[in-house]
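# Structural characterization, general
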Amino acid sequence: MLEENKLKTLLNLIGNSTGEELVWMNEYLNDIVSKQSSKDEQPVAKNGVNKITIAYGTETGNSKKLATEFAAKAKKQGIHAKVQSLEQYRLNDLPKEEYFLAVISTHGDGEPPAAAKKFYDHVHQNGFKLEKLKYSVLALGDTSYPLFCKAGEDVDEQLNKLGGKRIAPLQKCDIDFDTEAEEWFSNIFRSLNGDSPVTAPSHSIPKRSTGKKNYTGTLLTHVNLNDRGSAKETYHIEITAEEVTYLPGDSIGIIPENDKIIVEKIIAVTRIDATTNIDYKDELISVYDLLHKKLNIVYLPERVVKHYASVVKKNIPVKRIDLLELVKAYPVKDSDQFLEVVKILEPIAPRLYSIASSPEAHSGEVHITVAKNSFKVENETKYGLASEFLSHFNVDDQLKFYIHPNNQFRLPEEDKNIVMIGPGTGIAPFRSFIAERDATGATGKSWLFFGEQHFTTDFLYQTEIQNWFETGVLTKVNTAFSRDQPEKIYVQHKMLQHGAEFFEWLQAGSYVYVCGTKEPMSVDVEQTLLQIIEQFGDRSKEEAVKYLDDMKEDGRYIKDVY
């Protein structure tokens, strides 16, 4: 009931209002009441937990996506969730945390993503205790790799060693992570609401992914993009495959095969019967096929060399070495002993290549840009397994691959400006970006920085880039050919040369993408970017760092480096 003076005011207002005004007031009051009711009905966690921290370490955006989804689910449960990148997370806050959830991916040979490296190293220092911490870890990975979800495993183990208490078991996820992630979400809520989480084995590997679709493609084109006289071999490879789906920014995963000649030499040295069948992942496969198509026999990791030493019972220096060199220097006793060695070998890890085609412009096709990797080992020239494997393909050959999504490396809205920095094979995803923008008629401006050794022999996709510039699809193009003059000029020098305009693009909300080698290229590019912000944006060093951090947080500075 209203107080008398309020009731009098209300009746006076009603009496002096038109019909339309009364309808408006009615709707207005209903809206207020509805909002107040929804506030009153906000769910509250049964166990009194109302605040959690969700930190993510990501390379391709999947961990961030899941962390954000989980925060939304937590809010519906009446729990406030703070979401933060492990790159930005203040390490001194960890001992103060009560409920801490980590979503972290694994890359390469069991490594954490670059953005999580600082946090990963910090929890391994063991110089502090986490006695009040209650935590759980969601680990993302790819079962094709030997050290599946290793970074997540390591973080889970270290938080436990430092005194943290698991509120739900470690959950491992393959590339198709939706089901496992949902199970982890449910387990967390059970625990936060005072119920017991489902006690699945914390270190179990999920069944082989069924959602990672494997394609068999046919080669349409296989061309060396470098001209005669170049010190490099860079192949443009076009593959057609039925119903292949991807987005610009994604990669394809290819599992290369070992050189048949090397396999035959290993078989000859060890005197193993090449037709002997071995049970490998619930499938009978001959020793020859295992060594040729399934198992890694080159540049063995140190952990495998240690296992080899224990099998042959010999003291072997722990270093990375090819299996052929190992069996020659430290022979197995007989073929039975070599069968033991075969069982300790790890699977060939897939190699990821940025997709250089656009689904809109190249429907039903996937294009990649592959540089043949060569290096010296004790004055002997050796080649990267995957790039050597791919360099020998011919038109009409078949190739198996899968799509590796990269949700972080995506084009913005069509009216947004983009700056692309991609020396060498880093040009690959930007060929995809530009072709996609061309096909969709995007209105945003585009600026490309490309670098290589020589203009005449190493200007990858030169004709296409020039055509895109002439037709206005590319607004600006700046190239850096490092060996065409006495002093070496790289893409970062060209960025600085155009620093004033570069900063204008940043101020206009442009998205900046970097693709190529992690070191030194991406490090030098980032330092130059900070210099541009400081110099042409009239900011201090600290303000420049804050400016770039804000760009990262807003998803406007994105790297895909290797």
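Residues numbered from 1 in each chain as written. Predicted model: local features only at pLDDT ≥ 70, side-chain atom pairs only at ≥ 80, totals over all residues. Heavy atoms only, no water.

The helix and strand inventory of the protein chain stands at 19 helices and 21 strands. Expressed as a percentage of the 562 residues in the protein chain, the buried residues total 48%. Counting only contacts in the protein chain whose residues sit at least 6 apart along the sequence, the fraction spanning at least 24 positions is 75%. A total of about 28,700 Å² of accessible surface is found on the protein chain, and carbon and sulfur atoms cover 48% of it. (Helix = DSSP H or I, 4+ residues; strand = E, 2+ residues; numbered from the N terminus. Buried < 20%, exposed > 50% of the residue type's maximum accessible area, 1.4 Å probe, protein only. Contact = heavy atoms within 4.5 Å. Areas by Shrake-Rupley, 256 points an atom, 1.4 Å probe, with all protein chains shown as cover.)

Along the chain, E526 falls in helix α18 (residues 518–536). A distance of 3.3 Å separates the side chain of E526 from the side chain of K552, its partner in a polar contact. Not counting residues up to four positions away in its chain, the partners in contact with E526 are L548, K552, Y557 and K559. (Polar contact = N/O pair within 3.5 Å; in protein donor to acceptor, adjacent residues only side chain to side chain.)

Take unusual backbone geometry next. Omega for the peptide link from E519 to P520 comes to 0°, which places this bond in the cis form. Not every positive phi belongs to a glycine, and R271 is a case in point at roughly 60°. Along the chain, R271 turns up in the loop between α7 (260–270) and β10 (277–279). If you check the backbone angles, K313 has positive phi at about 55° while not being a glycine. One can find K313 in the loop between α9 (302–312) and α10 (323–329). With relative accessibility at 71%, the residue K313 sits in the exposed group.

A separate point is the packing of aromatic side chains. Per the stated rule, a full pass over the model turns up 24 aromatic pairs. Pairing Y89 with F119 gives two aromatic rings, centres 6.2 Å apart and planes at 80°, and the pair type is edge-to-face. Within this pair, whereas Y89 is found in the loop between β2 (80–85) and β3 (99–105), its partner F119 is found in helix α4 (residues 117–123), the two being separated by 30 residues in sequence. Residue class for Y89 comes out buried when judged on its relative accessible area of 1%. Of the residues examined, F119 reaches a relative accessible area of 0% and is grouped as buried. For the pair F433 and Y513, a centre-to-centre distance of 5.1 Å together with 85° between the ring planes defines the contact as edge-to-face. On the criterion of sequence distance, the pair formed by F433 in helix α13 (residues 428–440) and Y513 in strand β20 (residues 511–516) is long-range, its members being 80 residues apart. In this structure, K476 is placed above the aromatic ring of W447, and the distance from its NZ or CZ to the ring centre is 5.1 Å. (Phe/Tyr/Trp six-rings, centres within 6.5 Å; stacked < 30°, edge-to-face > 60°. Lys NZ or Arg CZ within 6 Å of the ring centre and 35° of its normal.)

Looking now at α9. Every buried residue of α9 is listed here: V304, V305, Y308, A309, V311 and V312. The buried residues of α9 all sit within an arc of 160° when viewed along its axis, so they share a single face. On its buried side, α9 packs onto α10 and α11 (335–344). Positive backbone phi, approximately 55°, marks K313, located one or two places after α9. (Arc of directions from axis to C-beta.)

Strand order in the open sheet formed by six strands is β12-β9-β16-β7-β8-β13, and the pairing between neighbours is antiparallel. Strands with a single pairing partner mark the edges of an open sheet, and in this sheet they are β12 (351–354) and β13 (365–371). Taking the axes of each pair of neighbouring strands and ignoring which way they run, one obtains an average angle of 40° across the sheet. Summarising the sheet, strand β9 (residues 251–254) and β12 pair through four bridges and their orientation is antiparallel. Within β12, the position partnered with I252 by the bridge is Y353. (Pairing = 2+ DSSP bridges. Axes fitted to C-alpha atoms, helices over the stretch in contact; angles between N-to-C directions.)

All right, on to the packing of helix α17 (residues 499–507) against α18 then. Contact geometry of α17 with α18 gives a least axis separation of 9 Å together with a crossing angle of 90°. Between α17 and α18, the crossing angle belongs to the class labelled roughly perpendicular. Mapping the contact onto sequence places G499, A500, F502, F503 and L506 in α17 and L529, I532, I533 and F536 in α18. (Parallel < 35°, antiparallel > 145°, perpendicular 65-115°, else oblique.)

Glancing now at the pattern of salt bridges. All chains considered together, the criterion is met by 24 salt bridges. A salt bridge links D121 to K117; its shortest N-O distance comes to 2.9 Å. Residue D121 and its partner K117 are located together in helix α4, separated by four residues, close to a single helical turn. Here D322 and K382 are joined by a salt bridge, their closest N and O atoms 2.9 Å apart. A residue pair is termed long-range when its members are at least 10 positions apart, and D322 in the loop between α9 and α10 and K382 in strand β15 (residues 380–383) qualify at 60 residues. Overall, the relative accessible area of 16% leaves D322 in the buried class. (Salt bridge = Lys/Arg side-chain N within 4 Å of Asp/Glu carboxyl O.)

Quick look at the environment of R539 now. Mapped onto the fold, R539 is located in the loop between α18 and α19 (541–553). Discounting residues that sit within four places of it in the chain, R539 has contacts with F503, Q507, I533, E534, A544 and Y547. Here the side chain of R539 touches G537 through a polar contact of 2.7 Å, landing on its backbone oxygen.

Quick look at the sheet that holds strand β17 (residues 418–421) now. In spatial order, the strands read β19-β18-β17-β20-β21; together these five strands make up an open sheet with parallel pairing. Taken across any chain shown, the strands that pair with only one partner, and hence form the sheet edges, are β19 (476–481) and β21 (557–561). On average, adjacent strands in this sheet sit at an angle of 10° to one another, irrespective of strand direction.

This paragraph deals with helix α3 (residues 62–76). Relative to the 21 Å expected for 15 residues at 1.5 Å per residue, α3 spans 22 Å between its end C-alpha atoms, a close match to the ideal helical length. On the buried face of α3, the contacting elements are β1 (51–57), β2, β3, β4 (134–140) and α6 (178–192). One or two positions beyond α3, positive phi appears at G78, with a value near 85°. (Expected span 1.5 Å × (residues − 1).)

Along the polypeptide, S482 turns up in the loop between β19 and α16 (491–497). Engagement of the side chain of S482 in a polar contact is seen with the side chain of R483, the distance being 2.6 Å. Ignoring sequence-local partners within four residues, the contact set of S482 consists of E452, Q453, E487, K488, I489 and Y490.

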